Amino acid sequence: MTFEPAQAIRLAHETLDIEAAALSGLKARLNEGFSQAVRMMLDVRGRVVVMGMGKSGHIGRKIAATLASTGTPALFVHPAEASHGDLGMIKAVDLVLAISNSGESEELTAILPVLKRLGVPLIAITGGIDSTLARHANVTIDSTVDREACPLNLAPTASTTAQLALGDALAVALLDARGFRAEDFARSHPGGALGRRLLTHVSDVMRRGEDLPRVGPSTAFTGLMREMSAKGLGASAVVDEAGTVLGIFTDGDLRRLVEKGVDLRAATAGEVMHPQPLTIREDALAAEAAALMELHRITSVLVVDAEGRLCGAVNSNDLMRAKVI
């Protein structure tokens, strides 16, 4: 066995060229069958059941996952397992999306009559437009490719790329038709970075109650410093008797006053505070708090309710612990 780096690069280029040409061919052949398939999948009262054997099955699993995460209820059912009981997972209210390059996969064609008796609509993605699968399908999407990228023209390569691309095209058309938004995507991906950014609110991560540093405007400077040290936020809110935010005092403010040589011994919180500080609503997204801090180069922000009363505070460490930043 010999390995030639130049040969590997040449074959990689050839593979990409072949698969790119296959996708261009799909684009040229897309017709009203595709839009009919989208309409059928939009109208289905149950789920989209994706089926496929071998490499087409692997593609089918990915397509089912993409559909499910973008607003179309979907699952994958293995055709061979369907013949041994899993067909019970498919109901008359469902729709089957069957994938086969040849359209003659025995495990798939064996269950087509049963699907027909159940009255389950069938969409086929196949390169065999005159195949058994295509004849049984209500709608056929042509996935024909001129050749596989495999030098032997045997291993499914360009054909599976074509199937995957068509599945993505269906998912994109469906999410657009459903008015699917980033917030909807986040709800099905709560553990991901996008989910955290779009689902985590300031109220979920903010400090509140006894953990919230606050003093009145007449509080002596020493009392202000004790409150800041005890709560560990690096800042303290200054509020009136009703809890309305009057100002904020931070570690940065302290450093600046010390550098100016200000005598702080007789000062009060109201005299040293930064008035009318930046605030954020408790129902805002935590990502908005992060953006506010970054824009103004601050490390903490006070949280207020609709009447401007202090209800919390959040700093960059809180947002990092929540994995918002």
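This write-up is about the structure you can find in this document. (Residues numbered from 1 in each chain as written. Predicted model: local features only at pLDDT ≥ 70, side-chain atom pairs only at ≥ 80, totals over all residues. Heavy atoms only, no water.)

**Examining the overall build of the chain**
Right, so step 1: A tally of regular secondary structure across the chain gives 16 helices and 12 strands.
Right, so step 2: Structurally, the chain occupies a C-alpha span of about 90 × 55 × 35 Å along its principal axes.
Right, so step 3: Here the chain holds 325 residues, and the buried ones make up 44% of them.
Right, so step 4: As displayed, the chain offers around 17,100 Å² of accessible surface, 54% of which is attributable to carbon and sulfur atoms. (Helix = DSSP H or I, 4+ residues; strand = E, 2+ residues; numbered from the N terminus. Buried < 20%, exposed > 50% of the residue type's maximum accessible area, 1.4 Å probe, protein only. Areas by Shrake-Rupley, 256 points an atom, 1.4 Å probe, with all protein chains shown as cover.)

**Digging into the side chain of arginine 207**
Right, so step 1: Position of arginine 207 among the secondary structure elements: in the loop between helix H11 (202–205) and strand S6 (214–215).
Right, so step 2: You can call arginine 207 buried: its relative accessible area is 15%.
Right, so step 3: A distance of 3.1 Å separates polar atoms of two side chains, one belonging to arginine 207 and the other to aspartate 318.
Right, so step 4: With sequence-adjacent residues up to four places away left out, arginine 207 is seen in contact with Leu212, Lys231, Gly232, Leu233, Cys311, Gly312, Ala313, Asn315, Asp318 and Arg321. (Polar contact = N/O pair within 3.5 Å; in protein donor to acceptor, adjacent residues only side chain to side chain. Contact = heavy atoms within 4.5 Å.)

**Describing the packing of aromatic side chains**
Right, so step 1: Applying the stated criterion across every chain yields a total of 1 aromatic pair.
Right, so step 2: Judged by centre distance (5.9 Å) and plane angle (85°), the rings of phenylalanine 221 and phenylalanine 249 are edge-to-face. Here phenylalanine 221, found in helix H12 (residues 221–231), pairs with phenylalanine 249, found in strand S8 (residues 245–250); they are 28 residues apart in sequence, far enough to count as distant.
Right, so step 3: For phenylalanine 221, a relative accessible area of 9% puts it in the buried group.
Right, so step 4: Overall, phenylalanine 249 belongs to the buried group, its relative accessible area being 0%. (Phe/Tyr/Trp six-rings, centres within 6.5 Å; stacked < 30°, edge-to-face > 60°.)

**Some points on the sheet that holds strand S9 (residues 274–275)**
Right, so step 1: Here we have 4 strands laid out as an open sheet, ordered S6-S7-S8-S9, and mixed in their pairing. In this open sheet, the two edge strands, each paired with only one partner strand, are S6 and S9.
Right, so step 2: Across 5 bridges, the pairing between strand S7 (residues 235–239) and S8 is antiparallel. When the sheet's bridge partners are listed, valine 238 is paired in S8 with glycine 247.
Right, so step 3: In the packing of helix H13 (residues 251–260) onto the sheet, contacts are made with S8 and S9, and the angle to S8 comes to roughly 65°. (Pairing = 2+ DSSP bridges. Axes fitted to C-alpha atoms, helices over the stretch in contact; angles between N-to-C directions.)

**Focus on unusual backbone geometry**
Right, so step 1: One non-glycine residue, glutamine 276, lies in positive phi territory at about 45°.
Right, so step 2: Tracing the backbone through its elements, the reader meets glutamine 276 in the loop between S9 and strand S10 (279–281).

**What about the pattern of salt bridges?**
Right, so step 1: According to the stated counting rule, one finds 14 salt bridges in the structure shown.
Right, so step 2: Aspartate 318 is paired through a salt bridge with arginine 207; the nearest N and O atoms lie 3.1 Å apart. One end of the pair, aspartate 318, is in helix H16 (residues 316–321); the other, arginine 207, is in the loop between H11 and S6, and 111 residues separate them in sequence. Each member of the pair, aspartate 318 as well as arginine 207, carries the same accessibility label: buried. (Salt bridge = Lys/Arg side-chain N within 4 Å of Asp/Glu carboxyl O.)

**Quick look at the packing of helix H2 (residues 32–43) against helix H8 (residues 158–178)**
Right, so step 1: Remark: H2 packs on H8, axes separated minimally by 10 Å, with the N-to-C direction vectors making an angle of 55°. With respect to each other, H2 and H8 are oriented oblique. The crossing of H2 and H8 is right-handed. Touching Phe34, Ala37, Val38, Met41 and Leu42 of H2 are Leu166, Ala169, Leu170, Ala173, Leu174, Ala177 and Arg178, all from H8.
Right, so step 2: For the contact of H2 with H8, the residue count by class is 11 nonpolar, no polar and 1 charged. (Parallel < 35°, antiparallel > 145°, perpendicular 65-115°, else oblique. Left-handed = near helix turned anticlockwise from the far one by under 90°. Nonpolar A, V, L, I, M, F, W, Y, C, P; charged D, E, K, R; others polar.)

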